[in-house]
Amino acid sequence: MSLSLTVLGSSGMFGTLERACAGYLLESDGDRILIDCGAGTWRNLLEHIDYRSLAGVILSHRHPDHVSDLFQLFHARRYGQKESLPEIPLWAPAETLDRLCGFAKELDQAFVMRSVSPGDSIQQAGARFSFYSMAHPPDTVGVRIERDGVVVAYSSDTGPSGDLEALAADADVFVCEATLQDSDDEWEGHMTASQAGAAAAHAGAKRLVLTHLPPGRDPGLSLTQAHKTSGDSEVQLAVDGLRLEVGS
Ligand SMILES: [Zn+2]
Ligand SMILES: [Zn+2]
């Protein structure tokens, strides 16, 4: 049994020609869940799968760099074929669902809205998805996915006081935001690469994948800074198209 996570977008704040905003495709023995759907991820999604095969969508919070391409998926499922496709679940904090429906109230014609809070967990696609509280100004959840002892964790956006140790405890893969570098001013709700490295080490994560680096940063420097604090955790950079396979 295995999990795989494909990076659809690894940029923070806004995308570039090379990198879309936040988005990940989780596959659990053939079932597919989209986690976050920022600008540019829709086109990248189409490179990997037929959108009609998605079993559900999880959005971590309402910021545009994590949700804006949801409207493309909505239009495709609603209007992309003669008959609208059946609704699929859309899990997100209640605040996120409210904002999205404020923009397009007919979203419920393509999605079944399911609000999630820290402490909730759902069983889907043969895996357990558990939600943790992250330290980011809007209501934000981190997502931990477990299947047959295999664990993938995703921090979304968070400061270092998010519930990262529980989120990523003994994770095989921990995809963690690293918006900042050591010389940057502190920015509430985000972390440096060094802090991401320390969080991975504390949690006992086997592999740390740094993501949400804003355009213009030197990714090599982020990698170096994370290495200094990551202890036994291996560290690598997220890039669009990277596929992380976990389990047998
Ligand atoms: Zn973000
Ligand atoms: Zn955010």
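Attention in this report is confined to the structure presented alongside it. (Residues numbered from 1 in each chain as written. Chains lettered and ligands numbered in written order. Predicted model: local features only at pLDDT ≥ 70, side-chain atom pairs only at ≥ 80, totals over all residues. Heavy atoms only, no water.)

1. A short note on the environment of S161
Reasoning step 1: Along the chain, S161 falls in the loop between β10 (150-154) and α5 (164-167).
Reasoning step 2: Through-space distance from the C-alpha of S161 to that of S84 is 42 Å; in sequence the pair is 77 residues apart. (Helix = DSSP H or I, 4+ residues; strand = E, 2+ residues; numbered from the N terminus.)

2. Let's talk about the coordination of the zinc ion (ligand 1)
Reasoning step 1: Distances from the zinc ion (ligand 1) to its protein donors, D65 (OD), H66 (NE2), D157 (OD) and H212 (NE2), fall within 2.1 to 2.2 Å.
Reasoning step 2: The sequence pattern formed by the donor residues of the zinc ion (ligand 1) is D-H-x90-D-x54-H.
Reasoning step 3: A spacing of 3.5 Å is found between the zinc ion (ligand 1) and the zinc ion (ligand 2), which share D157 as a donor. Taken as a pair, D65 in helix α2 (residues 64-67) and H212 in the loop between β12 (207-211) and α7 (219-229) lie far apart in primary sequence, 147 residues in all. As far as burial versus exposure is concerned, D65 and H212 are alike and both buried. (Donors = N, O, S within 2.8 Å, 3.2 Å for Na, K, Ca; no water. Buried < 20%, exposed > 50% of the residue type's maximum accessible area, 1.4 Å probe, protein only.)

3. With respect to the sheet that holds strand β3 (residues 31-37)
Reasoning step 1: Taking strand neighbours across the sheet as the criterion, the seven strands line up as β6-β5-β4-β3-β2-β1-β14 in an open arrangement whose pairing is mixed. Taken across any chain shown, the strands that pair with only one partner, and hence form the sheet edges, are β6 (111-115) and β14 (243-247). Strand-to-strand twist across the sheet, computed as the mean angle between neighbouring axes with direction ignored, equals 20°.
Reasoning step 2: The sheet contact formed by β3 and strand β4 (residues 54-58) spans four bridges and is parallel. The residue of β4 that forms the bridge with R32 is L54.
Reasoning step 3: Of the strands in this sheet, β1 (2-9), β2 (23-28), β3 and β4 are in contact with helix α1 (residues 41-48), which crosses β1 at around 135°.
Reasoning step 4: Taken strand by strand, helix α4 (residues 94-103) contacts β5 (88-92) and β6, and its axis lies near 145° from that of β6. (Pairing = 2+ DSSP bridges. Axes fitted to C-alpha atoms, helices over the stretch in contact; angles between N-to-C directions. Contact = heavy atoms within 4.5 Å.)

4. Observations regarding α1
Reasoning step 1: Those residues of α1 lying buried are T41, W42, N44 and L45. Down the axis of α1, the buried side of the element spans an arc of 160°, and every buried residue falls inside it. Of the exposed residues in α1, the ones pointing more than 90 degrees away from its buried face are R43 and E47.
Reasoning step 2: Contacts from the buried residues of α1 go to β1, β2, β3, β4 and α3 (70-79). (Arc of directions from axis to C-beta.)

5. A few points about the layout of surface pockets
Reasoning step 1: Considered as a void within the structure, the largest pocket measures approximately 160 Å³ in volume.
Reasoning step 2: Lining the largest pocket are 14 residues, and of these P160, E186, W187, H190 and Q195 sit closest to its centre.
Reasoning step 3: Partitioned by chemical class, the residues of the lining of the largest pocket number four nonpolar, six polar and four charged. (1 Å grid on protein atoms, 1.4 Å probe; cavity = no way out; pocket = protein on both sides within 12 Å on 5 of 7 lines; lining within 4 Å. Points joined across faces, edges and corners; volume = space filled by probe spheres on them. Nonpolar A, V, L, I, M, F, W, Y, C, P; charged D, E, K, R; others polar.)

6. Some words on the coordination of the zinc ion (ligand 2)
Reasoning step 1: The zinc ion (ligand 2) binds to the protein through H61 (NE2), H63 (ND1), H136 (NE2) and D157 (OD); the donor distances cover 2.1 to 2.3 Å.
Reasoning step 2: If you look at the zinc ion (ligand 2), its four donor atoms make angles of 90 to 161° with each other, and the shape they trace is irregular.
Reasoning step 3: Considered as a linear motif, the donors of the zinc ion (ligand 2) on their single chain read H-x1-H-x72-H-x20-D. (Tetrahedral: all angles 85-135°; square planar, octahedral: opposite > 155°, others 65-115°.)

7. Structural notes on the sheet that holds β10
Reasoning step 1: The strand order β7-β8-β9-β10-β11-β12-β13 describes an open sheet built from seven strands, whose pairing is mixed. Here the strands that pair on one side only, and so sit at the sheet edges, are β7 (121-124) and β13 (234-237). Adjacent strand axes in the sheet meet at a mean angle of 20° when their direction is disregarded.
Reasoning step 2: Alignment of strand β11 (residues 173-177) against β12, held across four bridges, turns out to be parallel. Residue pairing across strands places C176 opposite L210, the latter belonging to β12.
Reasoning step 3: Across the sheet, α7 is in contact with β12 and β13; its angle to β13 comes to roughly 165°.

Taken by themselves, the reported measurements are silent on function.
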